[in-house]
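Here is what each chain is made of, one letter per residue.
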Amino acid sequence: MNAVTIRHVLNTIAEMFPDARCELNHRNPFELTIAVLLSAQCTDETVNKVTATLFDKYRTPQDYLNVPLEELENDIRRIGLFRNKAANIQKLCRLVIDKHNGEIPRKHEELTELPGVGRKTANVVVSNAFDEPAIAVDTHVERVSKRLGIAKADDSVLEVEKKLMRKVPRDEWTITHHRLIFFGRYHCKAQNPKCDVCPILEHCKEGKSRMKAALKKRSTTK
DNA sequence: AACTCGGGGCA
DNA sequence: TGCCCAGAGTT
């Protein structure tokens with residue numbers, strides 16, 4: 001896909017989701033980091049239900065260390081992978097207090113040293129809390145990029161990120177990340193993507209083949 | 001590269 | 001019921 005086509009595709013997606021943004025509830029970098037860590041493999045909606053009360057009880061890194069692990073587990077029990085996440089949160093808080101003076105670090109390398117914080121989480125934190133341009137590649141961004149042909153099907157997550165960064169102006173990385181996520185979550189879904197009403201179908205290799213397959217199936221079953 | 005963690009959402 | 005999901009860590 002050439003540069004002009006990518007520009008057109010991204011502009012169209014931008015028109016489809018003009019309000020795309022981070023949907024996690026948070027008031028500061030620390031709360032955002034906790035929220036993103038909790039969001040692995042579950043929706044932001046679920047995370048927000050939990051953090052709505054969680055962030056009243058736990059306001060500082062020390063607050064998370066002042067309770068037994070079992071209590072923290074119980075407080076986030078409605079979220080998947082809660083045992084891993086609870087343990088990671090306490091280790092993370094210990095590290096933030098001991099090595100970073102109680103503040104979430106701003107540097108990407110320091111963020112990924114925190115337990116439970118990988119490349120994707122770190123990118124979300126630097127872009128949403130510290131205004132540093134980043135494209136966090138989650139399942140939505142990866143799937144959409146590969147379907148559209150911006151990345152290849154067998155590209156690693158890191159390769160997808162590199163290609164997006166190369167093909168999108170730096171000052172649009174963060175907003176593009178959010179737009180691709182909305183596009184993937186509400187339109188170009190993993191199951192039953194809305195190819196039949198997709199405004200960029202003509203630029204989508206997988207979408208066109210999907211439509212062709214659907215058409216063939218309809219004619220044979222008739 | 002494959003596996004595990006895991007409750008919630010959705011068909 | 002069964003399947004997948006705004007991932008990260010380990011093997």
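Residues numbered from 1 in each chain as written. Chains lettered and ligands numbered in written order. Predicted model: local features only at pLDDT ≥ 70, side-chain atom pairs only at ≥ 80, totals over all residues. Heavy atoms only, no water.

Per an unreviewed UniProt entry, chain A carries the name Endonuclease III and comes from Cohnella endophytica. Its UniProt record gives chain A the following Catalytic activity (unreviewed entry) comment, quoted word for word: "2'-deoxyribonucleotide-(2'-deoxyribose 5'-phosphate)-2'-deoxyribonucleotide-DNA = a 3'-end 2'-deoxyribonucleotide-(2,3-dehydro-2,3-deoxyribose 5'-phosphate)-DNA + a 5'-end 5'-phospho-2'-deoxyribonucleoside-DNA + H(+)". Check the Sequence similarities (unreviewed entry) section of the UniProt entry for chain A; it says "Belongs to the Nth/MutY family." (UniProt positions renumbered as here; feature names shortened; annotations may be inferred.)

## Here's the deal with unusual backbone geometry
A negative phi holds for most residues other than glycine; trans holds for most peptide bonds. If you check the backbone angles, Asn-101 has positive phi at about 60° while not being a glycine. Relative to the elements of secondary structure, Asn-101 occurs in the loop between α6 (82-100) and α7 (108-112). The residue Asn-192 is not glycine, and still its phi comes out positive at about 50°. As for its placement among the helices and strands, Asn-192 is situated in the loop between α11 (173-187) and α12 (205-221). (Helix = DSSP H or I, 4+ residues; strand = E, 2+ residues; numbered from the N terminus.)

## A short note on the nonpolar core
For soluble globular proteins, nonpolar side chains are generally found buried alongside one another. Counting 36 residues, the largest nonpolar core has Leu-38, Leu-54, Tyr-64, Ile-89, Leu-92 and Leu-111 as the members making the most contacts within it. Those elements giving two or more residues to this core turn out to be α2 (29-38), α3 (44-57), α6 and α8 (119-129). It is α2 that contributes the most residues to this core, seven residues altogether. Residues within four places of Leu-92 in sequence aside, it is in contact with Phe-30, Thr-33, Leu-37, Leu-114, Pro-115 and Val-117. Among the nonpolar cores identified, the runner-up in size contains 25 residues, and Ile-6, Val-144, Ile-150 and Leu-164 belong to it. (Core = buried A, V, L, I, M, F, W, Y, C linked by side-chain atoms within 4.5 Å. Buried < 20%, exposed > 50% of the residue type's maximum accessible area, 1.4 Å probe, protein only. Contact = heavy atoms within 4.5 Å.)

## Here we look at the environment of Val-160
Position of Val-160 relative to the elements: it lies in helix α10 (residues 157-167). Note on Val-160: relative accessible area 0%, which makes it buried. Through-space distance from the C-alpha of Val-160 to that of Leu-69 is 37 Å; in sequence the pair is 91 residues apart. In contact with Val-160, not counting residues within four places along its chain, are Val-137, Glu-142, Ser-145, Lys-146, Ala-151 and Asp-155.

## Here's the deal with the UniProt feature "domain: HhH-GPD" (unreviewed entry) in chain A
The UniProt record marks residues 38-186 with the feature "domain: HhH-GPD" (unreviewed entry), using the residue numbering of this structure. Secondary structure content for residues 38-186 is 65% helix and 0% strand, and the end C-alpha separation is 21 Å.

## Regarding the protein's contact with DNA strand B
In the neighbourhood of DNA strand B, the contacting residues comprise Gln-41, Thr-46, Lys-49, Arg-77, Arg-78, Gly-80, Leu-81, Phe-82, Arg-83 and Asn-84. Among the atoms of DNA strand B close to the protein, meaning within 4 Å, 61% are from sugar or phosphate groups. Within the contact set of DNA strand B, a base nitrogen lies 2.9 Å away from a backbone nitrogen or oxygen of Gln-41. At a separation of 3.3 Å, a sugar or linking oxygen of DNA strand B approaches a polar backbone atom of Arg-78. Listing elements by their share of the surface near DNA strand B, those giving two or more residues are α3 and α6. Top element by residues in the surface near DNA strand B is α6. It accounts for three residues. When grouped by side-chain class, the residues that make up the surface near DNA strand B number two nonpolar, four polar and four charged. (Near = heavy atom within 4 Å. Polar contact = N/O pair within 3.5 Å; in protein donor to acceptor, adjacent residues only side chain to side chain. Nonpolar A, V, L, I, M, F, W, Y, C, P; charged D, E, K, R; others polar.)

## With respect to the UniProt feature "binding site: [4Fe-4S] cluster" (unreviewed entry) in chain A
According to UniProt, the positions carrying the feature "binding site: [4Fe-4S] cluster" (unreviewed entry) are Cys-188, Cys-195, Cys-198 and Cys-204. Of the residues just listed, which span 17 residues, no C-alpha pair is farther apart than 10.9 Å, and they cluster in one region. Mapping Cys-195 onto the fold places it in the loop between α11 and α12. With near-sequence residues (within four places) excluded, Cys-195 lies in contact with Leu-201, Gly-207, Arg-210 and Met-211. Secondary-structure assignment places Cys-204 in the loop between α11 and α12.

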